[in-house]
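# Structural features, examined
If you want the building blocks of each chain, they are given just below.
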Amino acid sequence: MEELIAGWDGESVSIHVDRRTGTWMFICVHSTRLGRAGGGCRMKEYGSHAEALRDGMRLSEAMTLKFASVDVPQGGGKAVIALPDATVPTGNERRRLLHEFGSFVTSLGGLYSCAPDMNTSAEDMDVIAEVCPYVFCKTEGAGGSGDTAPDTSVGVLHGIRAACRFAFESDDLAGRTIVVQGAGGVGGRLIELLHAAGANVIATDIDERRLEQLRRRGVKVVPSEAALTTECDVLAPCATGGIINARSIPTLRCRVIAGGANNQLEKPSDADLLSARGIVYAPDFVINAGGVLHGGGLELLGWSRATLDDRLAGIGEAVFDILQRAKRDGISTDRAARNIAQSRLAAATP
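Attention here is on the structure that accompanies the text.

Cut-offs applied
Residues numbered from 1 in each chain as written. Predicted model: local features only at pLDDT ≥ 70, side-chain atom pairs only at ≥ 80, totals over all residues. Heavy atoms only, no water. Helix = DSSP H or I, 4+ residues; strand = E, 2+ residues; numbered from the N terminus. Rg over C-alpha atoms; globule rule 2.2 N^0.38 Å. Buried < 20%, exposed > 50% of the residue type's maximum accessible area, 1.4 Å probe, protein only. Contact = heavy atoms within 4.5 Å. Lys, Arg positive; Asp, Glu negative; His and termini not counted. Charge placed at Lys NZ, Arg CZ, Asp CG, Glu CD. Phe/Tyr/Trp six-rings, centres within 6.5 Å; stacked < 30°, edge-to-face > 60°. Core = buried A, V, L, I, M, F, W, Y, C linked by side-chain atoms within 4.5 Å. Polar contact = N/O pair within 3.5 Å; in protein donor to acceptor, adjacent residues only side chain to side chain. Salt bridge = Lys/Arg side-chain N within 4 Å of Asp/Glu carboxyl O. Expected span 1.5 Å × (residues − 1). Axes fitted to C-alpha atoms, helices over the stretch in contact; angles between N-to-C directions. Parallel < 35°, antiparallel > 145°, perpendicular 65-115°, else oblique. Nonpolar A, V, L, I, M, F, W, Y, C, P; charged D, E, K, R; others polar.

### Some thoughts on the overall build of the chain
- A tally of regular secondary structure across the chain gives 12 helices and 11 strands.
- For a compact globule of 350 residues, the expected C-alpha radius of gyration is about 20 Å, and the chain comes in at 19 Å, within 12% of that figure.
- Projecting the C-alpha coordinates of the chain onto the three principal axes gives extents of approximately 50 × 50 × 45 Å.
- Counting only residues that meet the buried cut, the chain has 55% of its 350 residues in that class.
- In the chain, of all internal contacts separated by at least 6 residues, the share reaching a separation of at least 24 is 63%.
- Each charge sign in the chain was given a centre, from 37 positive and 43 negative side chains, and these centres are 2 Å apart.

### Quick word on the side chain of S69
- By secondary structure assignment, the location of S69 is in helix α2 (residues 49–69).
- Judged by its relative accessible area of 12%, S69 is buried.
- Beyond its immediate stretch of four places on either side in the chain, S69 contacts F285, V286, A341 and R344.

### Brief notes about the packing of aromatic side chains
- Throughout the structure, instances matching the rule amount to two aromatic pairs.
- Arranged with centres 6.1 Å apart and planes meeting at 35°, the rings of W24 and F26 form a pair that is tilted.
- Classification of W24 by relative accessible area gives partly exposed; the value is 21%.
- Judged by its relative accessible area of 0%, F26 is buried.
- Geometrically, the ring pair formed by F166 and F320 is edge-to-face, given 6.3 Å between the ring centres and 75° between the ring planes. Separated by 154 residues along the polypeptide, F166 in helix α5 (residues 149–168) and F320 in helix α11 (residues 305–329) bring together distant segments of the chain.

### Side note on unusual backbone geometry
- Phi is positive for E169, close to 65°, though the residue is something other than glycine.
- Tracing the sequence through the fold places E169 in the loop between α5 and β6 (177–181).
- The phi dihedral of N263 is positive, around 50°, even though this residue is not glycine.
- Overall, the relative accessible area of 11% leaves N263 in the buried class.

### Side note on the nonpolar core
- Core analysis: the largest hydrophobic core is formed by 56 residues, its most contacted members being I160, V180, L190 and L194.
- Among all residues touching L194, those that are not within four sequence positions of it are L157, I160, L173, I178, V180, A199 and V201.
- The next biggest cluster of nonpolar side chains, apart from the first, holds 21 residues, and it includes A37, L83, V127 and I128.

### Quick word on the environment of S31
- With respect to the secondary-structure elements, S31 resides in strand β2 (residues 23–31).
- As for S31 and H49, which are separated by 18 residues in sequence, their C-alpha atoms are 22 Å apart.
- The residues touching S31, leaving out its near neighbours within four places in the chain, are E11, A37, T64, G75 and G76.
- From its side chain, S31 meets the backbone nitrogen of R33 in a polar contact 3.1 Å long.

### Let's talk about the side chain of D284
- Residue position: D284 is located in helix α9 (residues 284–287).
- Of the side chains with opposite charge, R58 comes closest to the buried, unpaired D284, at an N-O distance of 6.7 Å.
- Separated by 3.0 Å, the side chains of D284 and Y281 make a polar contact.
- With near-sequence residues (within four places) excluded, D284 lies in contact with A261, N262, N263, Q264 and L265.

### Re α11
- In a regular helix each residue adds 1.5 Å, so 25 residues correspond to 36 Å; α11 covers 36 Å between its end C-alpha atoms and thus fits that length.
- Buried within α11 we find L308, L312, I315, G316, V319, F320, I322, L323 and A326.
- Check the buried side of α11 and you find it contacts α5, β11 (280–281), α9, α10 (290–300) and α12 (333–347).
- Positive backbone phi, approximately 70°, marks G330, located one or two places after α11.

### A word on the packing of α2 against α12
- One can describe the packing of α2 onto α12 by two numbers: an axis separation of 8 Å at closest approach and a directional angle of 80°. Judged on the interaxial angle alone, α12 and α2 are roughly perpendicular. Contacts between α2 and α12 involve E61, T64, L65, A68 and S69 from the former and R338, A341, R344 and L345 from the latter.
- Tallied by class, the residues present in the contact of α2 with α12 amount to four nonpolar, two polar and three charged.

Function cannot be inferred from these measures alone, as they are strictly geometric.
Structure follows, in structure tokens:
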């Protein structure tokens, strides 16, 4: 892990171990140039502590780029609760673990504020807030802005429309075949929005219960291993990251990649491979920024619902601008998006 930290361009890594369960917790702060760091708290099993740390580092960098891309004055951070096995705790043990994590966050004195992410919810933020003041997106009943997933999915929908406008010269989704990989909080809501827009939706998920629910609603499903190779107009990754890489890109059968997952590319250079294949890629840290607009806008900046809706629609315009810049400058869409974010970071007063 020392080698990982030494080679990282972020600001700090804090580590805490819950001795009772052997759960390791990492808080990675990539940048505070735009403000104090904020980002989701992810809870899952990893193959190793180093893998968990690497995930936290990459995700915190994505948060830096995300906040900069949508002009929210917040720094990039991420927390990872690396469970010792695949069993996600429930009940009293979950509550105890969340309190342990909350005390860890509090010990940093406001350097980082947490929010929901994979396997954590607005209700979990309520529990953390019992021992920690640095919490975004508690339930509305507890004074927070609630679940970020619905607004994240709305932003993704605007981004998909923009990518289709670029690729097909029309943002009309009626009749478009769209594969949604991952039917959780963001993906599940996105499926509903796409269906309402008249798209031909194909869904996949590793959770068979979710697939059965989708089947009952008349949604076509395919096995999770077929998600990337199913022929479609748009592939919308909405699960874990790193699935777009040198191994999978040659097998893709889509014209557009536009989804809600973080870190969809295994590495930034994979965007060049997509460009070489003529696949339009909407950079993930821009198209999935609806969640930070929700939390940062409503809680940090005091936006009205109408202002938030306008900013969510602006994600589509931001995606379209990036695609045009990439084409004009002969660079990948990931590079174009990073250039915009990094210019805003450079212009900020440290």
